[in-house]
Amino acid sequence: MSYDMYKFELMPLPYDYSALEPYIDTKTMQIHHDRHLQTYVDNLNAALSGYPEYQNWPLEKLIRHSNWLPDEIRTKVKNNAGGVYNHNLYFNNLSPNKKTQPSGALADAINSVFGSFENFKEAFKKQALAVFGSGYAWLVVDKDNQLRIITTANQDTPLTLDACPLMTIDVWEHAYYLKHYNKRADYIDDWFNVVDFDKALDNYNACYATE
Ligand code: MN3
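Computed from a predicted structure; not experimentally measured. (Residues numbered from 1 in each chain as written. Predicted model: local features only at pLDDT ≥ 70, side-chain atom pairs only at ≥ 80, totals over all residues. Heavy atoms only, no water.)

Q: Whenever I open this one, the environment of Lys 7 confuses me. Can you help?
A: You can see Lys 7 is positioned in the segment before helix H1 (26-48). Through-space distance from the C-alpha of Lys 7 to that of Ser 49 is 8.4 Å; in sequence the pair is 42 residues apart. (Helix = DSSP H or I, 4+ residues; strand = E, 2+ residues; numbered from the N terminus.)

This is the structure:
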């Protein structure tokens, strides 16, 4: 059992379900983590259960090289591995500890690319609002080493674009509907109160360390 390889298990939240109140409510966190993420974990395990030759593939390899998988499990593995990867990043990038301002090299990069943190927030919100249907908005280092905001549909990931993710917001309705109803803009504003830029900085440094 592990978080990175078959047999996958549910990564625990690094804080209490209620820790992000009042910005993200307890019930949403319980259902989102314990039911939605658990379902992706279970479906990924089910897809791989009859295929021992792929059970030693790390999660990122299953996503990056899903085209090497047999036809009959390719789509199921790709979608559910993406669901596990995206949610693990999303939940780990949230915190009640008010790390809501970028620092260090990431702050410098954000100022350099977007002009200011306020400009960045505005651009990020605009992209997150523009996701049609279900998906995610991301801050990534792209394949040309440029800091960029991108969006992905459904459970697609930036990994297949050779981009290295720093942080993400899940804009599927299940991430906000119980509290914010259809008001995605309010959820995005609230999300900025619980996003953890220290984690994003760790990820930023890791993106450059793995080249
Ligand atoms: Mn979700």
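Q: Would you mind going over the sheet that holds strand E2 (residues 147-153) with me for this structure?
A: Pairing between the strands of a sheet comes from backbone hydrogen bonds, and it takes one of two forms, parallel or antiparallel. The three strands are arranged E2-E1-E3 in an open sheet whose pairing can be described as antiparallel. Of all the strands in the sheet, the pair left with one neighbour each is E2 and strand E3 (164-170). Between one strand axis and the next, the sheet turns through 25° on average, direction left out of account. When strand E1 (residues 135-141) meets E2, the two strands line up antiparallel, connected through seven bridges. Residue Val 140 lies in a different strand from E2, and its bridge partner there is Arg 148. (Pairing = 2+ DSSP bridges. Axes fitted to C-alpha atoms, helices over the stretch in contact; angles between N-to-C directions.)

Q: I would appreciate a short explanation of H1 in the present structure.
A: The α-helix advances 3.6 residues per turn, and as a result positions three or four apart in sequence lie on the same side. Its 23 residues give H1 an end-to-end C-alpha distance of 32 Å, which sits within 8% of 33 Å, the value for a rise of 1.5 Å per residue. Of the positions making up H1, those classed as buried are Thr 28, Met 29, His 32, His 33, Leu 37, Tyr 40, Val 41, Leu 44, Asn 45, Ala 47 and Leu 48. Of the surrounding secondary structure, the elements contacted by the buried residues of H1 are helix H2 (59-64), helix H3 (71-92), E3 and helix H6 (177-180). (Expected span 1.5 Å × (residues − 1). Buried < 20%, exposed > 50% of the residue type's maximum accessible area, 1.4 Å probe, protein only. Contact = heavy atoms within 4.5 Å.)

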